[in-house]
Amino acid sequence: MRSSNLRIFLLGGLLVAIGLAMLVSGFASGSPDGLNKVAEDHGIAANAKAHRLESGPLAGYAVKGVGNNRLGTGISGLIGVLVTFGIGLALFAAVRAMRSGRDRSEPTRAP
Amino acid sequence: MHIPDGFINAPTSLAAGAVAAGGVGVSLRRAAQTLQEKQAPLAGLVAAYIFAVQMLNFPVAAGTSGHLLGGCLAAVLVGPWAGALCVSVVLLVQGLLFADGGLTALGLNIVNMALITAWGGYAIFLLLRRALPATRTGVTISAGVAAGISVVLASLAFVVEYATGGNGGAPVGTVVAAMVGVHTLIGIGEGIITALTVGVVLGVRPDLVYGAADLQTPLVLAPKPGDPAREVS
């Protein structure tokens, strides 16, 4: 019961994240963020170097070969959410596994 | 708030890289001790959610936007140690896959956006929780206010890095004023998003919220002794 609830919760949360990254991201402000604006206004930005991976297939939250910006951002968002979720699941499963058998005294589920 | 390559010189970036590596190491060890089984997949979801919401830049002033940092949100949901790891994963994916945030600046960005917001934000959250009633509303307000302040802390961390090894001629005082001013506004957005998210999770699965573990959830977690309700689960 509980674990199926948790699965539904996780699935629901993932769908929310995918929806935000795919659909809402197209409406995000294109203005520079606070740090970049300050850097532009005060002569710091001139020192910026090009990103070493700026020619990557997803650089800048676009998709190489997809001309439509909103579509590119949406696809980028979907890929980013799924990749982040996958790495996160693997990382935190590994973190759990780091716990050496000495402390397994968590409350158990239903008897 | 991602620092690109070139804003901060190499020695300072390298030093920040060492601090970031140490902070991630501490987080891994402490998370291994504290992360509960059911919170492990939640932490993966929190990372994915933060990635998504970081894409949603909102306007804060003329020609300026801001986006969620998410460290405080993650810390309230899964604890400060796993929370710092969540944002670190997001920053890694952004830097490697989307060319967002310089690779030599990854350490700087982890310090500012993962460690400072998760640890600093959570410390402020705990202080606020002492002052506010131990209710879901108290937790939600504490999370929102702490998250807002954590953004200003992160902007101050950038100023420290700039003062230590920044490239560019602007005096530190000017940069402090500009950074704190705009990030106070961005912090309001951070606070609203954090409070909304924590409020929703508290409404649906309060037992999953690390920062609300002390709240009684009598229906499930704390049946009265002898109460037949405990047999239901």
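About the criteria used
Residues numbered from 1 in each chain as written. Chains lettered and ligands numbered in written order. Predicted model: local features only at pLDDT ≥ 70, side-chain atom pairs only at ≥ 80, totals over all residues. Helix = DSSP H or I, 4+ residues; strand = E, 2+ residues; numbered from the N terminus. Contact = placed C-beta atoms within 7 Å. Rg over C-alpha atoms; globule rule 2.2 N^0.38 Å. Buried ≥ 20, exposed ≤ 12 C-beta atoms within 10 Å, placed from the backbone. Nonpolar A, V, L, I, M, F, W, Y, C, P; charged D, E, K, R; others polar. Axes fitted to C-alpha atoms, helices over the stretch in contact; angles between N-to-C directions. Parallel < 35°, antiparallel > 145°, perpendicular 65-115°, else oblique. Left-handed = near helix turned anticlockwise from the far one by under 90°. pLDDT = per-residue confidence, 0-100. Pairing = 2+ DSSP bridges. Core = buried A, V, L, I, M, F, W, Y, C linked by C-beta atoms within 7 Å. Expected span 1.5 Å × (residues − 1).

Peer 1: How do you make sense of the overall build of chain A when you look at a structure like this?
Peer 2: Looking only at helices and strands, chain A features three helices and zero strands. From first element to last, N terminus to C terminus, chain A shows the α and β order α-α-α. Restricting the contact set of chain A to residue pairs at least 6 apart, pairs at least 24 apart contribute 49%.

Peer 1: Looking at this structure, how should I read the overall build of chain B?
Peer 2: Scanning chain B for helices and strands turns up seven helices and two strands. The order of helices and strands in chain B, counted from the N terminus, is α-α-β-β-α-α-α-α-α. The C-alpha radius of gyration of chain B comes to 19 Å, within 12% of the 17 Å expected for a compact globule of 233 residues. In chain B, buried positions account for 58% of the 233 residues. The long-range share in chain B, meaning contacts at least 24 apart out of those at least 6 apart in sequence, stands at 75%.

Peer 1: Teacher, can you tell me more about the interface of chain A and chain B here?
Peer 2: Reports often express the size of an interface as the amount of accessible area lost when the parts come together. Each partner contributes to the interface: chain A provides 55 residues, whereas chain B provides 63 residues. Here the side of chain A that touches chain B gets 16 residues from one element, more than from any other, and that element is helix α3 (residues 69-98) of chain A. Per-class residue counts for the side of chain A that touches chain B are 30 nonpolar, 16 polar and nine charged.

Peer 1: Is there a simple way to explain the environment of A:Leu58 in this structure?
Peer 2: Relative to the elements of secondary structure, A:Leu58 occurs in the loop between α2 (34-41) and α3. A count of 21 C-beta atoms within 10 Å places A:Leu58 in the buried class. Other than its neighbours up to four places away in sequence, A:Leu58 contacts A:Val63, A:Ser76, A:Ile79, B:Leu97 and B:Phe98.

Peer 1: Just checking my understanding: could you explain the packing of helix α1 (residues 10-34) of chain B against helix α5 (residues 106-131) of chain B for this structure?
Peer 2: The relative placement of two packed helices comes down to the angle between their axes together with the axis-to-axis distance. Residues and elements named next belong to chain B. In the contact formed by α1 and α5, the axes pass within 7 Å of each other and the chain directions differ by 45 degrees. As far as their axial angle goes, α5 and α1 are oblique. The crossing of α1 and α5 is left-handed. Residues Ser13, Ala16, Gly17, Val19, Ala20, Gly23 and Val24 of α1 pack against Gly107, Leu108, Ile110, Val111 and Leu115 of α5.

Peer 1: Just checking my understanding: could you explain the confidence of the model for chain B for this structure?
Peer 2: Model confidence for chain B is summarised by a mean pLDDT of 94, while 92% of its residues fall at 70 or above. The ipTM for the predicted assembly is 0.91, set against a pTM of 0.91.

Peer 1: Would you explain the pairing of strand β1 (residues 58-61) of chain B in this entry?
Peer 2: On any regular strand, side chains alternate: one points to one face of the sheet, the next to the other face. All names here are of chain B. Pairing between β1 and strand β2 (residues 64-66): three bridges, direction antiparallel. Its bridge partner being in β2, proline 59 is matched across the sheet by serine 65. In this structure, the hairpin formed by β1 and β2 is closed by a connection of two residues, where glycine 63 is found at a positive phi of approximately 70 degrees.

Peer 1: Help me out: how do you make sense of the environment of B:Thr104 in this one?
Peer 2: All names here are of chain B. Considering the arrangement of structural elements, one finds threonine 104 in the loop between α4 (80-97) and α5. Look at threonine 104 and you get buried, because 20 C-beta atoms sit within 10 Å. Residue contacts for threonine 104: discarding those within four places in its chain leaves Asp5, Ala10 and Ser13.

Peer 1: Would you mind going over the nonpolar core with me for this structure?
Peer 2: Soluble globular proteins tend to bury their nonpolar side chains together. Of all hydrophobic cores here, the largest spans 102 residues; its most connected members are B:Val46, B:Ile50 and B:Cys86. It is α5(B) that provides the largest number of residues to this core, a total of 13 residues. Discounting residues that sit within four places of it in the chain, B:Cys86 has contacts with A:Gly88, B:Ala43, B:Val46, B:Ala47, B:Ile50, B:Ala74 and B:Val78.

Peer 1: I'm lost on the packing of helix α3 (residues 71-78) of chain B against helix α6 (residues 136-165) of chain B in this one. Help?
Peer 2: In contact at an axis separation of 8 Å, α3(B) and α6(B) are set at 145 degrees when each is read in the N-to-C sense. Within the contact between the two elements, α3(B) uses B:Gly71, B:Cys72, B:Leu73 and B:Val76 and α6(B) uses B:Ala143, B:Ala146, B:Ala147 and B:Ser150.

Peer 1: Would you mind going over α1(B) with me for this structure?
Peer 2: An α-helical turn contains 3.6 residues, so a residue and the one three or four places further along point in the same direction. If you check α1(B), its first and last C-alpha atoms are 35 Å apart, about what 25 residues at 1.5 Å a residue would give, namely 36 Å. Where α1(B) is buried, its residues touch α3 of chain A together with α4, α5 and α6 of chain B.

Peer 1: Just checking my understanding: could you explain unusual backbone geometry for this structure?
Peer 2: For A:Tyr61, which is not glycine, the phi dihedral falls at a positive 60 degrees. Within the element layout of this structure, A:Tyr61 appears in the loop between α2 and α3. Residue classification places A:Tyr61 among the buried residues on the basis of 23 C-beta atoms within 10 Å. Positive phi values are uncommon outside glycine, yet B:Ala99 reaches one of about 55 degrees. Residue placement: B:Ala99 occurs in the loop between α4 and α5.

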